[in-house]
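Report on the structure
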Amino acid sequence: MGYELLEVQVQNPGKRPTVVVRIDRHDEQPVSIEDLAKASRAVGAEYDRSDPITGEYRLELESPGAKRPLLRLRHFERMLGLKARVRGDGHSFTGPIVSIGENTVTFGTPDGEVTLKIGQFQANLAEFPTEHR
């Protein structure tokens, strides 16, 4: 369909759960309301078919937004120079994305640069770009 699945979260699982699905476009253009509606119909149909959640739930589709998850090398390349919130692999900091390696990302921190291997930490955008990237 031309979308990349970024995240799926189940919120409020003990009561009436909300399934939040975050998507991005493969062509890296901004996600529109029409994109969300189209993807929502497709995801809703698949959930109706496979019935992965017992009982009632609410399905919400979202664009990546200001706290965009950074998962793949291309995500970090697009946001080079912006700040990311990083957790995991013994680290917890917020700092700018300084450089990208073959399978690594280097961040600036007050204690110096830290290079981490993609897939061994979690990161979210901590600084929203002034224009779409």
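Everything here concerns the structure above.
All of these numbers come straight from a predicted model, not from anything done at the bench. (Residues numbered from 1 in each chain as written. Predicted model: local features only at pLDDT ≥ 70, side-chain atom pairs only at ≥ 80, totals over all residues. Heavy atoms only, no water.)

**Some details on the sheet that holds strand E7 (residues 112-117)**
Defined as follows: Strand pairing requires that DSSP identify at least two bridges connecting the strands. Helix and strand definitions follow DSSP, with helices as H or I runs of at least four residues and strands as E runs of at least two, each counted in order from the N terminus. All axes here are fitted lines through C-alpha atoms, helices being fitted over the stretch that makes contact, and every angle between N-to-C directions spans 0 to 180 degrees.
On the basis of which strands lie adjacent, the open sheet formed by five strands has the order E7-E6-E5-E4-E8 and antiparallel pairing. Of all strands in the sheet, those with a lone pairing partner are E7 and strand E8 (122-125), marking the two edges. Ignoring which end each strand starts from, the neighbouring axes of this sheet average 40° apart. For strand E6 (residues 104-109) and E7, the ladder comprises six bridges, and the chain directions are antiparallel. Along E7, the bridge assignment pairs Thr 109 with Gly 112.

**What to know about the pairing of E6**
The criterion, for reference: Remark: exposure states derive from per-residue accessible area (1.4 Å probe, protein chains only) relative to the maximum for the residue type, with buried under 20%, exposed over 50%, and partly exposed in between.
Most of E6 is tucked away: five of the six residues are buried. For strand E5 (residues 91-100) and E6, the ladder comprises three bridges, and the chain directions are antiparallel. Along E6, the bridge assignment pairs Ile 97 with Phe 107. Linkage of E5 to E6, two consecutive antiparallel strands, is achieved through a turn of three residues.

**Topic: unusual backbone geometry**
Even without glycine at this site, Glu 28 takes up a positive phi of about 65°. By the secondary structure assignment, Glu 28 is in the loop between strand E2 (18-25) and helix H1 (33-50). Although it is not a glycine, Asp 51 sits at a positive phi angle of roughly 50°. For Asp 51, the location among the structural elements is in the loop between H1 and strand E3 (58-62). The exposure class assigned to Asp 51 is exposed, which follows from its relative accessible area of 52%.

**Comments concerning H1**
The condition is simple: To estimate how far a helix should extend, the number of its residues minus one is multiplied by 1.5 Å. The arc in question is formed by the directions pointing from the helix axis toward the C-beta atoms. Whether two residues are in contact is decided by their heavy atoms, any of which lying within 4.5 Å being enough.
End to end, H1 covers 25 Å across 18 residues, agreeing with the expected 26 Å (1.5 Å per residue, within 8%). Turning to H1, its buried residues are Asp 35, Leu 36, Ala 39, Val 43, Gly 44 and Tyr 47. Down the axis, H1 shows its buried residues gathered within 150° of arc, on one side only. Summarising the geometry of H1, the exposed residues directed more than 90 degrees from the buried face are Glu 34, Arg 41, Asp 48 and Arg 49. In the core, the buried residues of H1 are packed alongside strand E1 (3-11), E2 and E3. Directly after H1, the chain includes Asp 51, whose backbone phi takes a positive value near 50°.

**Digging into the side chain of Asp 35**
Operational definition: Any pair of N or O atoms that falls within 3.5 Å is considered a polar contact. Within protein, one atom must be able to donate a hydrogen and the other to accept it, and sequence-neighbouring residues count only if both atoms are side-chain atoms.
Position of Asp 35 relative to the elements: it lies in helix H1. With a relative accessible area of 8%, Asp 35 lands in the buried category. Side chain to side chain, Asp 35 and Arg 25 meet in a polar contact 3.0 Å long. Filtering out sequence-adjacent residues up to four positions away, Asp 35 remains in contact with Tyr 3, Ile 23, Arg 25 and Pro 30.

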